[in-house]
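# Close look at the chain arrangement
Each chain is listed here by its residues.
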Amino acid sequence: MSHTNFVFLLLFALCFWLAQSDDSKVFNLKDYGAIEGGNVDVSQALLKAWNDACKWNGKSRLEVPRAMYLVNPVILKGPCMGPIGFRNSGILKARPGLRGDYWIEFQYVDRLTLYGKGHFDGQGPPNYPGSNLPTLLRFTFVTNSYVQKVKLINSQSTHFHLFGCNQTTIRRITISSPGNSYNTDGIKIGASTGIKILDSTIASGDDCVAIIRGSNDITVDGVICGPGHGISIGSLGQSPNEIVNQVVVRHCKIFGATNGLRIKTWATNMPGLVSNILYEDISLNNVDNPIIIEQNYCPTKTCSKGNSRVQIKDVKFRNIRGTSRTNDAVNLQCSGSNPCENIELKDIDIRYVNGAKYTISTCFHADVHASGVLIPKPCIL
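A quick note: this is a predicted structure, and the numbers were derived from the prediction, not measured.

### Observations concerning unusual backbone geometry
Residue proline 79 is bonded to the preceding glycine 78 through a cis peptide linkage, with omega at 0 degrees. Mapped onto the secondary structure, proline 79 falls in the loop between β4 (74-77) and β5 (84-88). Of note in this structure, arginine 111 is not a glycine but carries a positive phi near 60 degrees. Of note, arginine 111 is situated in the loop between β7 (102-107) and β8 (112-115).

In structure tokens form, the structure reads like this:
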């Protein structure tokens, strides 16, 4: 760990300890009539406790004690009068078969600390396709906040979605859904700046981390991903001028996933930009597509055909190692009208999983610069 990262984590640990010191005013969910056992909806009690905590002129904390509670969809809204904590020591369970955009959502909150050893359980069964299924936990316009050690399980859709958030750190959280669960992204980030995901474990049926349009200054460090669809940027190109900039993914382990490090755009005429991306010190084990840029992304059979107008440039892959389930370990499928610019491959060592074949690189319309150990041999125009 670098000195800078150590100091950063030390400062956050100090902030976390200060935020939860004894001078916080505590608002206990049971004091608001919440009935434990997981059979009676406590969402109104949760909302009342939150509102009182939010109105407190000073540091406050909403306390969910050890027990099981059934919660219907609820929005916990700010702005609040001071820093606010939410400690979940229990098991909050959604009602199975919910419809809607969200289950538990925090909106317009500054200086929120979310933590606790309990669970947020979306009660989504495996392989549960459908539309209008709720995100398990959503942050909307949440700023200067900190999430630590929470557990999110069995979402019916995305587990944790951040939209319009700034300067928020997620550290040592656990996300768990079966690999065959439909459309269950781990963490999805959009229209947000200064987001850090650190030292976390994500198992899902879709992208472990999805970084989508409007994201800037995103760090993913020390994440264990698998099963799932890897760590993805995109998809982009369905609307004009979608941009992702300044992303760092390092010290991550990806195993048993359909993709490793992936950038995906639709083949449309919508202009956009992906730039200043660094993947560094990544371990891959038994992954289908370890390194892939896919500018003809098409998850259905009805996609329009053509060249993507999303420009991809200044992307660095450094010290990427491991095994691939396919022999095409480095696959750079860039746009004919907007070729990828300045793609760096340095110290890449990805071998076929059982040693029976050699891995290969495939490139179209990609400006590749390569150095160091290179397995497979790079394709350089």
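### A short note on the packing of aromatic side chains
Aromatic ring pairs are described here by two measures, namely the spacing of the ring centres and the angle between the planes. All told, the structure shown has 10 aromatic pairs when counted by the stated rule. Joined through ring pairs, the aromatic side chains of Trp50, Phe86, Phe106, Phe120, Phe139 and Phe160 make up one cluster. Note that lysine 25 overlies the ring of phenylalanine 27, its terminal NZ or CZ placed 5.9 Å from the centroid. Taking the ring centre of tryptophan 56 as reference, the NZ or CZ of lysine 25 above it sits at 5.4 Å.

### With respect to the environment of valine 109
Residue placement: valine 109 occurs in the loop between β7 and β8. Here valine 109 falls in the buried class, since its relative accessible area comes to 1%. Along the sequence, valine 109 and leucine 284 sit 175 residues apart, while their C-alpha atoms lie 37 Å from each other. Sequence-distant contacts of valine 109, that is, excluding residues within four places in its chain, are made with Trp50, Leu76, Lys77, Gly78, Ile84, Phe141, Val142, Thr143 and Ser145.

About the criteria used
- Residues numbered from 1 in each chain as written.
- Predicted model: local features only at pLDDT ≥ 70, side-chain atom pairs only at ≥ 80, totals over all residues.
- Heavy atoms only, no water.
- Helix = DSSP H or I, 4+ residues; strand = E, 2+ residues; numbered from the N terminus.
- Phe/Tyr/Trp six-rings, centres within 6.5 Å; stacked < 30°, edge-to-face > 60°.
- Lys NZ or Arg CZ within 6 Å of the ring centre and 35° of its normal.
- Buried < 20%, exposed > 50% of the residue type's maximum accessible area, 1.4 Å probe, protein only.
- Contact = heavy atoms within 4.5 Å.

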